[in-house]
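Coordinate inspection notes
Here is what each chain is made of, one letter per residue.
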Amino acid sequence: MGQTMASSEFQGRAYTQRVEPKLALVEVELPKDAFTEGWEPTKSSYLVVRAPGMDDLNVCLGKQCAKADGVSVWEWSGSALDEGDEASKWFSTYLGKPSRLVRFNAVSETRAVDPKFAPGFKVMFSDGYPFLPISQGSLDALNELLKEPLPINCILVKGCKPFSEDLWKELRINMFKFQGVKLCSRCKRMGLPALNLMKPLRNFDQIKSCVLIKNNRERVFFGHNLVCQESLTEGKGKTISVGDCVYVFSKASSPAEAAA
């Protein structure tokens with residue numbers, strides 16, 4: 001979602017899949033209409049959270065939440081909206097440590113994207129950037145090297161060559177203009193298959209051999225972080241949908257030129 005996250009009850013620091021790999025097995029489901037224009041949650045609107053061995057957690061999206069101070073994710077710190085004791089008990093039980101589920105407080109808080117790459121743009125509780133496209137060709141090329149295919153959650157683009165998205169600088173999806181601002185560096189927990197969750201990632205060296213040769217850098221990159229120009233202005237109707245065409249207007253001359 002980019003708006004909710006689990007955090008330490010005592011320190012307020014965000015948990016990520018890098019340090020809490022069981023989070024890879026958590027699934028969430030929003031109301032069917034949640035992404036339609038003009039939708040507002042009611043007291044009967046729920047975020048459903050599921051994980052192996054746990055009863056479903058139903059988080060009401062229309063209730064008033066208490067403010068939690070001292071919440072932090074990466075470089076940002078501020079206040080957030082606490083989703084309550086039931087959600088806290090669920091995540092504390094699942095992760096085996098005291099935890100709270102919090103929602104980004106968009107009314108009072110702002111979290112900026114790294115100004116070195118995208119000054120003026122904002123994000124909520126996403127990792128670092130609001131949008132991430134990866135081509136189906138790139139995902140297929142990577143999975144051909146692996147015994148177990150990697151699932152991934154992103155804007156998946158079909159109809160282009162593998163890794164061509166690394167070069168995209170300016171593009172349009174639906175009516176909206178996007179800028180490619182930074183290649184996405186990856187950690188060892190990227191899309192880790194559930195069955196290998198608690199084991200070392202045996203395939204990481206294969207991922208490196210595929211992606212590092214392509215980029216000639218010391219880190220693994222996969223995908224290209226985007227920002228949307230229209231996000232700087234207010235207004236409704238800002239929706240992209242499955243099946244929208246992607247138009248690329250400018251490219252970097254080589255992967256080495258792309259910001260990372």
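Residues numbered from 1 in each chain as written. Predicted model: local features only at pLDDT ≥ 70, side-chain atom pairs only at ≥ 80, totals over all residues. Heavy atoms only, no water.

A few words on the overall build of the protein. Within the protein, the regular secondary structure consists of three helices and 15 strands. The buried share of the protein, taken over its 260 residues, is 42%. Across the protein, every contact between residues at least 6 apart in sequence was considered, and the portion connecting residues at least 24 apart equals 62%. (Helix = DSSP H or I, 4+ residues; strand = E, 2+ residues; numbered from the N terminus. Buried < 20%, exposed > 50% of the residue type's maximum accessible area, 1.4 Å probe, protein only. Contact = heavy atoms within 4.5 Å.)

Glancing now at the packing of aromatic side chains. With the rule as written, the count across this model stands at seven aromatic pairs. Ring centres of W90 and F91 lie 4.8 Å apart, and the angle between their planes is 65°; this geometry places the pair in the edge-to-face category. Accessibility expressed as a relative area gives 7% for W90, which makes it buried. With a centroid separation of 5.1 Å and 85° between ring planes, the pair formed by F104 and F125 is classed as edge-to-face. With a gap of 21 residues between them, F104 in strand 7 (residues 99-104) and F125 in the loop between strand 9 (122-123) and strand 10 (133-135) connect regions that are remote in the sequence. Here the aromatic residues W76, F104 and F125 are joined through ring pairs into a cluster of three or more. Positioned above the aromatic ring of Y94 is the side chain of K22, whose terminal nitrogen or guanidinium carbon lies 4.4 Å from the ring centre. When the ring centre of F117 is taken as origin, the NZ or CZ atom of K182, which lies over that ring, is 5.6 Å away. (Phe/Tyr/Trp six-rings, centres within 6.5 Å; stacked < 30°, edge-to-face > 60°. Lys NZ or Arg CZ within 6 Å of the ring centre and 35° of its normal.)

Before going further, it helps to examine the sheet that holds strand 2 (residues 27-29). Taken together, the three strands give an open sheet; going across it, the order is 2-3-4, and neighbouring strands pair in antiparallel fashion. Taken across any chain shown, the strands that pair with only one partner, and hence form the sheet edges, are strand 2 and strand 4 (57-60). The sheet shows a mean angle of 25° between the axes of neighbouring strands, direction not considered. As paired elements, strand 3 (residues 46-50) and strand 4 share four bridges and run antiparallel to each other. Across the sheet, Y46 pairs through a bridge with C60, a residue of strand 4. Where helix 1 (residues 85-95) meets the sheet, it contacts strand 3 and strand 4, and its direction lies at approximately 145° from that of strand 4. (Pairing = 2+ DSSP bridges. Axes fitted to C-alpha atoms, helices over the stretch in contact; angles between N-to-C directions.)

Here we take up the state of the cysteines. Applying the stated criterion to the full structure yields zero disulfides. No disulfide involves C60; its nearest neighbouring cysteine sulfur is the one of C65, lying 8.2 Å away. Residue C60 is classed as buried on the basis of its relative accessible area of 12%. (Disulfide = S-S within 2.5 Å.)

Before going further, it helps to spend a moment on the pairing of strand 14 (residues 221-228). Most of strand 14 is tucked away, with eight of its eight residues classed as buried. Bridge analysis of strand 13 (residues 176-185) against strand 14 gives six bridges, and the strand direction is antiparallel. Its bridge partner lying in strand 14, G180 is registered against L226.

For the coordinates displayed, the defined rule picks out eight salt bridges. A salt bridge links R100 to D82, with the shortest nitrogen-to-oxygen separation between them at 3.0 Å. Placement of R100 in strand 7 and of D82 in strand 6 (residues 76-82) is noted, with a sequence separation of 18 residues between them. Each of the two residues, R100 as well as D82, counts as buried. Here the residues in one salt-bridge network are E29, R50 and D56, joined through shared partners. (Salt bridge = Lys/Arg side-chain N within 4 Å of Asp/Glu carboxyl O.)

Spatially, the four strands line up as an open sheet ordered 14-13-12-15, and their pairing is antiparallel. Because the sheet does not close on itself, it has two edges, and the strands there are strand 14 and strand 15 (246-251). For this sheet, the mean angle separating the axes of adjacent strands, direction not counted, is 35°. Bridging between strand 12 (residues 168-173) and strand 13 involves four bridges; their strand directions are antiparallel. Counted as the bridge partner of R172 is K177 from strand 13.

With 82% of its residues at a pLDDT of 70 or more, the protein has an overall mean of 83. Here residues 190-203 is modelled with pLDDT under 50, and outside its nearest four sequence neighbours on either side it reaches 28 contacts, counting other chains as well. (pLDDT = per-residue confidence, 0-100.)

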